[in-house]
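Okay, here's what each chain looks like letter by letter:
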Amino acid sequence: MTTTAPHTDLGKTPGPTAPLRPRRGPGALVRALPLTPAVVLLLLFLAGPIAYCVYIAFTDLQLTGQAQDSFVGFENFTRAFGDEAFLNAVWLTLVFTVLSSLIGQNTLGLALAALMRRASEPVRTLTGGIVVTAWVLPEVVAGFLLYAFFRREGTLNAILDWLHLPSQNWLFTLPILAVSFANVWRGTAFSMLVYSAALNEIPKEITEAAEVDGAGGWRRMWHITLPMIRRSIGTNLMLNTLQTLSVFGLIWVMTRGGPGGRSQTLPLFMYEQAFQNSLIGYGTAVALLLLLVGSLFSLVYLRLLRTEV
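First, a word on scope: everything that follows refers to the structure included in this document. Along each chain, the written sequence defines residue order, and numbers are assigned to residues from 1. Residues qualify for local features only when their pLDDT is at least 70, as the model is predicted, and side-chain atom pairs are given and counted only at 80 or more; totals for whole chains, interfaces and linings, by contrast, use all residues. Values reported for side chains reflect all heavy atoms of the structure, with hydrogen atoms and water molecules removed beforehand.

### Digging into a nonpolar patch on the surface
Move 1: Patch rule: a residue counts if its relative accessible area is over 30% and it has no salt bridge; like charges are joined within 9 Å, and nonpolar side chains (Val, Leu, Ile, Met, Phe, Trp, Tyr) within 5 Å. Note on areas: Shrake-Rupley with a 1.4 Å probe; residue coverage comes only from the protein chains shown. By definition here, a salt bridge exists when the distance from a side-chain nitrogen of Lys or Arg to a carboxyl oxygen of Asp or Glu is within 4 Å. Taken together, the side chains of Val98, Leu99, Ile103, Leu174 and Leu177 define a hydrophobic patch exposed on the protein surface, amounting to about 370 Å² of accessible area.
Move 2: In this text, helices come from DSSP runs of H or I with a minimum length of four residues, and strands from runs of E with a minimum of two, each type numbered from the N-terminal end. Here the nonpolar patch takes three residues from helix α4 (residues 84-118), the largest share from any one element.
Move 3: With respect to the helices, strands and loops of the structure, Leu177 is situated in helix α9 (residues 175-200).

See below:
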């Protein structure tokens with residue numbers, strides 16, 4: 001008596017199975033309940049004001065001399081791009097951001113972090129304390145300190161006179177450079193802390209091996225350090241750029257955007273139009289354009305971070 005083996009498809013390749021989908025039941029709703037107050041608060045205090053500002057930007061709302069506002073469409077935006085003062089503010093905002101954030105704070109913060117890594121403990125403590133103190137000062141206080149430093153009878157000219165070098169009224173002749181230096185002085189601590197944390201994550205074995213192979217300091221920085229902290233560089237650039245685009249108090253205290261609008265960035269131009277000229281609709285439109293500039297910078301940085309391996 002012979003028995004037949006059961007038929008099996010051992011030689012067949014099993015077909016693709018359908019992906020398992022998680023079941024959504026009452027448990028998902030229960031887990032989402034703790035987030036409800038936060039979502040409501042965000043909609044009430046964040047999304048609501050933003051939506052109202054978007055509406056105002058398309059109206060001719062004014063603080064005084066107007067009984068009722070009316071919808072004007074894109075008139076405020078077309079007015080902005082035809083306004084020489086607005087275009088000047090855009091240019092000065094870009095100059096201020098590039099000088100004080102992309103170049104100043106980023107480069108100086110990385111240099112300080114690299115130098116402090118090799119310094120002794122007392123030097124690191126003293127340097128870090130001085131730099132962080134400038135960062136934690138209120139913006140208005142920092143503005144007054146830098147105003148006293150750059151003014152005609154200020155500290156900088158006193159030092160130049162003592163060195164028998166020519167002095168000048170820096171807040172009048174080079175106002176955008178003066179406020180850019182002030183922002184570097186105040187904001188470098190953040191970059192220094194970010195890069196200090198990033199440099200501490202680099203394994204010492206890698207740098208020691210490079211030293212054994214004869215790589216100098218600049219080669220190690222270019223080929224080892226910078227590639228290994230590139231994500232920290234991108235994150236720091238994004239956060240610094242967004243913070244610099246919104247600087248108001250520092251410039252207002254030092255120059256109030258003058259003289260002749262030569263240090264008037266977009267936040268100061270927006271304030272002037274909305275609260276000094278009482279053009280709330282126009283000023284809000286400028287604020288939305290500033291928000292758009294910050295969003296474009298953020299998208300560029302996020303794109304660069306996403307392409308990193």
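### Describing the pattern of salt bridges
Move 1: Under the criterion given, the structure shown has two salt bridges.
Move 2: Close ionic contact of Arg151 with Glu153 constitutes a salt bridge, the shortest N to O distance being 3.5 Å.
Move 3: Note on Glu153: relative accessible area 59%, which makes it exposed. Burial classes follow relative accessibility: with a 1.4 Å probe on protein chains only, a residue under 20% of its type's maximum area counts as buried, one over 50% as exposed, and anything between as partly exposed.

### Some thoughts on helix α7 (residues 155-162)
Move 1: Taken residue by residue, α7 has Leu156, Asn157 and Leu160 as its buried positions. Considered in projection along α7, the buried side chains sweep an arc of 95° and stay on one side of the axis.
Move 2: Two residues form a contact once any of their heavy atoms are found within 4.5 Å. Next to the buried residues of α7 lie α6 (139-150) and α8 (170-173).
Move 3: Within two residues after α7, His164 carries a phi angle of roughly 60°, on the positive side. Within this analysis, the arc is defined by the directions that extend from the helix axis to the C-beta atoms.

### Concerning the packing of helix α10 (residues 204-212) against helix α11 (residues 217-228)
Move 1: Each axis is a line fitted through C-alpha atoms, taken for helices only over the stretch in contact, and angles between the N-to-C directions span 0 to 180 degrees. Remark: α10 packs on α11, axes separated minimally by 11 Å, with the N-to-C direction vectors making an angle of 165°. Between α10 and α11, the interaxial angle falls into the category roughly antiparallel. As α10 packs across α11, the resulting crossing turns out to be right-handed. Between α10, through Ile206, Thr207, Ala210 and Glu211, and α11, the contact on the second element is made entirely by Arg220, Ile224 and Met228.
Move 2: All residues other than Ala, Val, Leu, Ile, Met, Phe, Trp, Tyr, Cys, Pro, Asp, Glu, Lys and Arg, Gly among them, are scored as polar; the first ten of these are nonpolar and the last four charged. Here the residues of the contact of α10 with α11 sort into four nonpolar, one polar and two charged. The scheme is simple: roughly parallel for angles under 35 degrees, roughly antiparallel for over 145, roughly perpendicular for 65 to 115, oblique for anything else. Left-handed is the label given to a crossing in which the near helix is rotated counterclockwise from the far helix by less than a right angle, and right-handed is the label when the rotation is clockwise.

### Digging into the environment of Glu75
Move 1: Structurally, Glu75 is set in helix α3 (residues 75-81).
Move 2: Given a relative accessible area of 48%, Glu75 falls into the partly exposed group.
Move 3: Sequence separation between Glu75 and Ala57 is 18 residues, and the spatial gap between their C-alpha atoms is 9.3 Å.

### Some thoughts on the packing of aromatic side chains
Move 1: Here a pair means two rings of Phe, Tyr or Trp (six-membered ring of Trp) with centres within 6.5 Å. Their orientation is stacked below 30 degrees between planes, edge-to-face above 60, and tilted elsewhere. Applying the stated criterion to the full structure yields 17 aromatic pairs.
Move 2: A centroid spacing of 5.7 Å and a plane angle of 15° characterise the contact between Phe248 and Trp252, whose relative ring orientation is stacked.
Move 3: On the basis of relative accessibility, which here comes to 25%, the residue Phe248 falls in the partly exposed class.
Move 4: Taken together, the aromatic side chains of Phe58, Phe71, Phe74 and Phe77 make up a single cluster linked through ring pairs.
Move 5: A ring is scored as having a charge over it whenever the NZ atom of a lysine or the CZ atom of an arginine sits within 6 Å of its centre and within 35 degrees of its normal. Above the ring of Tyr282, the side-chain terminus of Arg79 is found at 4.3 Å from the ring centroid.
Move 6: Positioned over the ring face of Phe172 is Arg262, at 5.3 Å from the centre of the ring.

### A closer look at unusual backbone geometry
Move 1: With an omega dihedral of -5°, the bond running from Gly258 to Pro259 counts as a cis peptide bond.
Move 2: With respect to the helices, strands and loops of the structure, Pro259 is situated in the loop between α13 (249-254) and α14 (266-276).
Move 3: In this structure, His164 is a non-glycine residue whose phi angle is positive, near 60°.
Move 4: As for its placement among the helices and strands, His164 is situated in the loop between α7 and α8.
Move 5: For Ser278, which is not a glycine, the phi torsion comes out positive at approximately 65°.
Move 6: Turning to its location among the elements, Ser278 is positioned in the loop between α14 and α15 (280-306).

### Let's talk about the layout of surface pockets
Move 1: Approximately 670 Å³ is the volume attributed to the largest pocket.
Move 2: Grid points spaced at 1 Å and placed over the protein atoms alone form the basis of the search, with a cavity being a set where a 1.4 Å probe fits but cannot get out and a pocket an open set showing protein on both sides within 12 Å along at least five of seven lines. Lining residues have an atom within 4 Å of a point. Forming the walls of the largest pocket are 19 residues, and the residues nearest its centre are Ala114, Arg117, Arg118, Met221 and Thr225.
Move 3: For the lining of the largest pocket, the secondary-structure elements that each account for two or more residues are α4, α9, α10 and α11.
Move 4: Examining the composition of the lining of the largest pocket, we find that seven residues originate from one element, α4, more than from any other.
Move 5: In the lining of the largest pocket, the residues fall into eight nonpolar, five polar and six charged. Grid points are joined across faces, edges and corners, and a volume is the space filled by probe spheres set on the points.

### Focus: the side chain of Asn106
Move 1: Tracing the backbone shows Asn106 in helix α4.
Move 2: Asn106 has contacts with Ser101, Ser191, Tyr195, Asn236 and Leu237, leaving out every residue within four places of it along the chain.

### Some thoughts on the environment of Asp161
Move 1: Residue placement: Asp161 occurs in helix α7.
Move 2: In protein, a polar contact requires one atom able to donate a hydrogen and another able to accept it; more generally it is a pair of N or O atoms within 3.5 Å, and residues adjacent in sequence count only if both atoms are side-chain atoms. Among the polar contacts made by the side chain of Asp161, one reaches the side chain of Ser167 at a distance of 3.3 Å.

### Thoughts on the nonpolar core
Move 1: Residues belong to a common nonpolar core when they are buried Ala, Val, Leu, Ile, Met, Phe, Trp, Tyr or Cys residues joined through side-chain atoms within 4.5 Å. Counting residues in hydrophobic clusters, the biggest one holds 19 residues, and the most contacted among them are Phe96, Phe150, Ile176, Val179, Leu250, Ile251 and Met254.
Move 2: Counting residues per element, the ones that place at least two in this core are α4, α6, α7, α8, α9 and α13.
Move 3: The element that contributes the greatest number of residues to this core is α9, accounting for four residues.
Move 4: Look past the residues within four positions of Val179 in its chain and what remains in contact with it is Phe96, Leu250, Ile251, Met254 and Thr255.
Move 5: In terms of nonpolar packing, the next biggest core, distinct from the first, is built from 16 residues, Ala57, Phe77, Leu266 and Leu279 among them.

Interpretation note: all reported values are geometric properties and have no functional meaning in isolation.
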